[in-house]
Amino acid sequence: MPAKLKLSFSKTSPKGDVATICLIGKNGEIIPHLERNIAAHLIRTMALAQFTGKFGKSLMIYTDTNSYLLIGTGDKLASGIEAEKLGGKLFSALNGTASKMGWMPDHKLAPTVLADVLFGANLASYHFDRYFTEKEKDDVMVRLCVGGEALDENVSVYQDRQALANGVFFARDLVFEPANKLYPVEFANRCSALSSLGLEVEVLDETAMEKLGMGALLGVGQGSRRESRMVVMNWRGGGDEPPFAFVGKGVTFDTGGISLKPPKGMEDMKWDMGGAAAVTGAMCAIAGRKLNKNIVGVIGLVENMPDGNAQRPGDVVTAMSGKTIEVINTDAEGRLVLADALHYSETRFKPHAIVNLATLTGAIIASLGKEYGGLFANSDDLASQLEDAGRQTEEGVWRMPMGPSYDRMLKSHIADMKNIGGPYGGAITAACFLARFVERTPWAHLDIAGKAWSDKATATVPKGGTGYGVRLLNRLIDDWQGASVSHKWEQSDD
Ligand code: BES
Ligand code: MN
Ligand code: ZN
């Protein structure tokens with residue numbers, strides 16, 4: 001159970017040591033309706049404590065018989081990201097109380113606002129405790145009971161958020177898992193379990209991928225004792241429409257291969273499958289929400305290891321598209337995996353757009369820090385919709401340039417291309433490499449190397465695996481307007 005929050009809905013307050021939760025507006029206005037003498041007591045105490053209802057600040061107040069947990073909302077509470085953050089603060093405050101039990105009386109909030117608050121509280125409650133031998137006991141779960149007149153409507157709006165949270169948690173769990181526990185076959189098993197939600201899940205093994213000619217992906221996996229896999233997750237909610245395709249890099253561990261990485265920080269490479277995790281989490285959310293659209297998720301799962309059978313720098317591999325690649329650096333492996341996953345997705349599904357996610361380069365962290373995912377696209381429409389979705393979910397993306405002058409850096413003397421460019425602009429040349437494996441479809445690549453893992457917690461995202469991308473993709477699909485290709489840079493092969 002990754003979420004530490006047990007939420008229930010009821011018309012009446014639970015019994016026992018329960019803190020009554022009161023959201024407090026800008027000028028100390030108490031939002032729920034309380035008995036007059038209690039309200040007066042709270043107002044007096046707020047004044048003494050100089051509690052003014054600032055956003056996210058909390059105050060615990062006791063009477064002889066009850067306790068009240070006050071949370072400031074700041075300016076008028078709107079739905080969306082602010083409400084979610086408030087929910088995150090609410091969870092932390094409640095988690096800090098002795099009983100960890102809260103009762104939220106009717107605040108007469110719009111169902112979407114209430115749902116977003118509860119969604120934020122749920123997101124904030126995530127914790128990955130699988131490998132602690134002394135588990136926290138069930139009685140330290142935080143319990144929140146929500147009341148209100150519009151209970152049925154509140155519950156149904158919340159359930160949609162709950163499905164999204166499940167997708168985020170599914171992704172976070174995958175990212176947290178160490179590589180001795182989560183390797184390609186195990187990752188694929190976890191995907192197969194999602195068929196209980198109505199997803200069609202297909203797993204391609206090495207023989208199947210060999211038949212398809214996926215020499216780029218298989219070359220990366222050949223140095224590992226763990227077999228490679230490709231997983232196709234298909235959600236068919238939209239009849240005969242072509243699907244939208246999500247594609248993910250799933251390197252369950254990246255040692256660098258023969259171009260071995262230095263030891264310092266190598267443990268981080270357990271989350272080099274963050275792109276595949278985001279795609280899987282998004283598919284989980286979409287299936288849980290039962291969207292009436294067609295969406296397919298394709299992830300390439302490999303482990304990049306150095307051994308007697310590993311590919312060498314200088315090897316030439318043939319991708320499924322027929323193009324040949326000179327592998328100059330075996331540590332530039334994600335793009336090799338994606339080359340085949342992208343080509344496969346485009347040719348098999350003829351999707352109306354493709355978005356791929358990958359912890360692809362350290363260079364994107366040098367460019368953008370850890371504040372944004374890097375966005376590269378051949379379609380201005382798709383790019384701007386991703387930017388919008390990023391702003392709304394605070395899973396922000398920042399568009400980066402591409403073009404023939406970068407693409408040219410991939411020229412090889414013995415094959416169609418090299419797998420690395422020059423010393424500079426490494427995130428961009430990586431994107432240009434990927435662009436060569438998409439023929440005609442509006443496509444965007446998100447380089448999420450700076451976003452899949454976080455060293456500091458925020459109101460709704462704990463430290464560690466963030467699940468970044470799940471909410472972004474979910475929002476993109478909800479607001480989808482269509483897109484067309486506006487650039488085809490790789491045409492320059494001078
Ligand atoms: N998985 C790494 C990129 C990465 C770095 C992700 C740091 C998360 C944090 C990727 O496979 C890689 O090794 N990229 C190389 C490319 C280089 C060899 C051209 C890099 O960024 O150094
Ligand atoms: Mn690498
Ligand atoms: Zn990698």
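Fair warning: this is a prediction, and the values are worked out from it, not measured in the lab.

Peer 1: How would you explain the pattern of salt bridges if you had to name every residue and give the values?
Peer 2: The final tally for this structure, using the stated rule, is 25 salt bridges. One salt bridge connects E149 with K108, and the closest N-O pair in it is separated by 3.5 Å. Placement of the pair is E149 in the loop between β6 (142-146) and α4 (151-176) and K108 in the loop between β5 (101-104) and α3 (111-124), with a sequence separation of 41 residues. Overall, the relative accessible area of 60% leaves K108 in the exposed class. Each of R130, E177, E186 and R190 takes part in a single network of salt bridges with overlapping partners.

Peer 1: Tell me about the site of ligand 1, and please be specific about residues and values.
Peer 2: For ligand 1, the set of nearby residues contains 17 residues, the closest of which are K261, D272, D331, E333 and G362. At 2.9 Å, a side-chain N or O of D254 approaches an oxygen atom of ligand 1. Here E333 contributes a side-chain N or O atom positioned 2.8 Å from an oxygen atom of ligand 1. Here ligand 1 has 520 Å² of accessible area as a free molecule, and 78% of this is covered by the chains. Residues of the shell around ligand 1, tallied by class, amount to six nonpolar, four polar and seven charged.

Peer 1: Could you give an account of the coordination of the zinc ion (ligand 3), with specific residues and numbers?
Peer 2: On the protein side, the zinc ion (ligand 3) has K249 (NZ), D254 (OD), D272 (OD) and E333 (OE) as donor atoms, found 2.0 to 2.4 Å from it. Taken together, the six donor atoms coordinating the zinc ion (ligand 3) and their angles of 78 to 175 degrees define a geometry best described as octahedral. One chain supplies every donor to the zinc ion (ligand 3), and in sequence these donors are spaced K-x4-D-x17-D-x60-E. Between the zinc ion (ligand 3) and the manganese ion (ligand 2), a separation of 3.2 Å is found, and both are coordinated by D254. Taken together, the positions of K249 in strand β9 (residues 244-254) and D272 in the loop between β9 and α8 (274-289) put the pair 23 residues apart, joining distant regions of the chain. On the accessibility criterion, K249 (2% relative accessible area) is buried. A relative accessible area of 2% places D272 in the buried class.

Definitions and limits used
By convention here, each chain's residues receive numbers from 1 onward along its written sequence. Chains carry letters and ligands carry numbers; both start at the beginning, A for chains and 1 for ligands, and go up in the order they are written. Whole-chain, interface and lining totals are the exception, using all residues; otherwise, since this is a predicted model, local features are given only for residues with pLDDT of at least 70 and side-chain atom pairs are given and counted only at 80 or more. Side-chain calculation: all heavy atoms of the structure are included, whereas hydrogens and water are not. Salt bridges are identified by distance alone: a Lys or Arg side-chain nitrogen within 4 Å of an Asp or Glu carboxyl oxygen. For the purposes of this entry, the term helix denotes a DSSP run of H or I that reaches at least four residues, the term strand denotes a run of E that reaches at least two, and both are numbered from the N terminus. Think of it in three bands: with a 1.4 Å probe and only protein chains considered, a residue is buried below 20% of the maximum accessible area for its type, exposed above 50%, and partly exposed in between. Residues are counted as near a molecule or strand when any one of their heavy atoms sits within 4 Å of it. Polar contacts here mean pairs of N or O atoms no more than 3.5 Å apart (in protein, one a potential hydrogen donor and the other a potential acceptor; neighbouring residues in sequence count only if both atoms are side-chain atoms). Only the protein chains shown count as covering a residue, and every accessible area follows the Shrake-Rupley method with a 1.4 Å probe. Only Asp, Glu, Lys and Arg are considered charged in this grouping, and only Ala, Val, Leu, Ile, Met, Phe, Trp, Tyr, Cys and Pro are considered nonpolar; every other residue, Gly among them, is considered polar. Donor atoms (N, O, S) are those found within 2.8 Å of the metal centre, with the cutoff raised to 3.2 Å for Na, K and Ca; water is not part of the atom list, so apparent gaps in a site can occur. Any coordination sphere not matching a tetrahedral pattern (four donors, all angles between 85 and 135 degrees) or a square planar or octahedral pattern (four or six donors, opposite donors over 155 degrees apart, other angles between 65 and 115) is reported as irregular.

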